[in-house]
Every structure is written in C-alpha cells, then in structure tokens.
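What follows is each chain in one-letter form.
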Amino acid sequence: MGELEYLERIQHEPHPLVLELEQLGQRDGIPIVARSTGRFLSTLVHAMQANRILELGTAYGYSTLWMALALPPAGRIWTVDPDRGRTAIAARFLARAGKAQAVDIVNQPALDILPTFPQRNLDIVFIDAVKTEYEAYLELAVPLLKRSGLVIVDNLLWHGQAAADPSPADSAETKAIRAFNRVFLSDSRLDATILPLGDGTGVGARVL
Ligand SMILES: C[S@@+](CC[C@H](N)C(=O)[O-])C[C@H]1O[C@@H](n2cnc3c(N)ncnc32)[C@H](O)[C@@H]1O
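Quantities reported herein were computed from a predicted structural model and do not represent experimental measurements.

Give me the pairing of strand β1 (residues 52-56): which residues, what numbers.
Burial analysis of β1 places five of its five residues in the buried class, the great majority of the element. Residue alternation in β1 divides its side chains into two sets, R52, L54 and L56 and I53 and E55, and both sets are buried. Read from β1 through helix α4 (residues 62-70) to strand β2 (residues 76-80), the crossover connection turns out right-handed. Examined bridge by bridge, β1 and strand β4 (residues 122-127) share four bridges and lie parallel to one another. In the sheet register, E55 faces β4, and the bridge partner there is F126.

Dropping the structure here:
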C-alpha cells in the first residue's frame, strides 16, 4: 500500500455531503481540490477559528463545503466564481449542509471584485481560480488579510508540470505557476511555504 493510500485509509470518512460532491465533481469533470487539501483547509479553519474567509474559485463548492463545515457559528465565507451553473450546485450543497446563510456566492470575475472588495481583516484567502491570474490575485488579496492571516493557494505543483524541465511547449498555466511560486516565496509581506500536499499547497502568513 502506498503512503498516501495508507494515510487516507486511517482517517475519518469525510461528511456524507463532501463524499457526494466529490463524486458529482468527478462525474462532471469539475476540477476540485484533493481530499487531503480539503481536510487541511478544515483543520486550518478550526485552528484559527476563522470567521472571515474569501475564496477565489468556487466551482461546485467542494472546498467551500470543507471550510463551511468547520466555520465557527458567526463565520462567513465570500466565494467568487463567474460560472453561475457551477455555483448553483455549490449553493444547493451548502443549503443541504445548513450553511447557506454563512456563504455569499459572488458571480463575478475575481479581478473585477478584488480592487473594491469591501471586507478587511480576513482570516483566510483561498486562491483556486485562473492560474495565469494568481500573481494579480496575490497582490490584491494580501492587503485584505489581517496580520497573521493566511493566504492558501492550490495547484502550485500543477500536476507535476511545475517541477518538470522547462520546455518551449509549456502551457501559459505552467509558466504562470512557476513564476508565481517564486513571487509567492519571496513576497516580503508573507512568511510563505509550499507543501507537497494535494497538487501543491501554498501557505503564507501575513507578517507585514
Ligand atoms: C479549480 S476550480 C475551483 C475548485 C474549487 N475551489 C473546489 O475545490 O471545489 C476553478 C474555478 O474558477 C472559476 N473561474 C474562472 N474564471 C474565474 C475568475 N475570473 N474569477 C474567479 N473564478 C473564476 C471557474 O469557473 C472554476 O469553477
């Protein structure tokens, strides 16, 4: 048995709605975070008692649901995705989980709302939208965090392509993720690291 398989086998089954959404996402070919990343988000939300969370990239609300299930009673998540078809599914699952009131779905492109986003002192910003826009998201999102708040970023290994030898055939996403990783790790506003969790998970604490 592989190490990852072993770790998965000894952990609790996720919430039944999380399992159902995983299957639906798989059936429809929707990119969602790895289950291990979902668990990590849940643990962070519990540890921080995070009650102000911004998510960029909702899709079917799989990562949103992991975080929503861990929210303290007065917690709020703002989750951003212009795709109304996808977020209608997210809204259905969040309602079934009893979390509809805790989550605001914003159907606009992230770069349209970030410059004027009215919330401040966020505990967590979770970035999982357009890979070529990650640098722009980071620039605009860090000032929205409280000091010690976390920016979490998915797909920093980009399915093995970030670490591969650079080639002229590399996609715009691969190039963007490699460039982002350098920017993220040297951002003086953050104490940042990248974990080999799921598809590569960036974690940066706001220090300035
Ligand atoms: C990887 S999926 C998000 C997965 C989700 N975080 C999860 O784990 O369940 C990326 C999402 O970004 C959305 N997206 C595309 N353009 C966007 C934009 N400009 N701003 C925000 N989200 C965008 C897509 O519609 C897609 O649903």
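How would you sum up helix α3 (residues 35-48)? Please name residues and give values.
In this model α3 runs 20 Å from its N-terminal to its C-terminal C-alpha over 14 residues, within 8% of the 20 Å that 1.5 Å per residue would give. Burial in α3 covers these residues: T37, G38, R39, L41, S42 and V45. Contact partners of the buried residues in α3: α2 (16-28), α4, β4, β5 (145-153) and β7 (201-206). At the exit of α3 stands Q49, carrying a positive phi of roughly 45 degrees.

So, the nonpolar core: which residues are in play, and what are the values?
Counting 56 residues, the largest nonpolar core has L65, M67, A68, V125, I127 and V151 as its most contacted members. A per-element tally of this core places α4 first, with seven residues. Sequence-distant contacts of V151, that is, excluding residues within four places in its chain, are made with V125, I127, L138, A141, V142, L145, L190 and G204.

How would you sum up the pairing of strand β6 (residues 190-195)? Please name residues and give values.
Sheet analysis places β6 next to β7, joined by six bridges and oriented antiparallel. Its bridge partner being in β7, L190 is matched across the sheet by R206.

What counts and how
- Residues numbered from 1 in each chain as written.
- Predicted model: local features only at pLDDT ≥ 70, side-chain atom pairs only at ≥ 80, totals over all residues.
- Buried ≥ 20, exposed ≤ 12 C-beta atoms within 10 Å, placed from the backbone.
- Helix = DSSP H or I, 4+ residues; strand = E, 2+ residues; numbered from the N terminus.
- Right-handed = clockwise from strand over helix to strand, strands pointing away.
- Pairing = 2+ DSSP bridges.
- Expected span 1.5 Å × (residues − 1).
- Contact = placed C-beta atoms within 7 Å.
- Core = buried A, V, L, I, M, F, W, Y, C linked by C-beta atoms within 7 Å.

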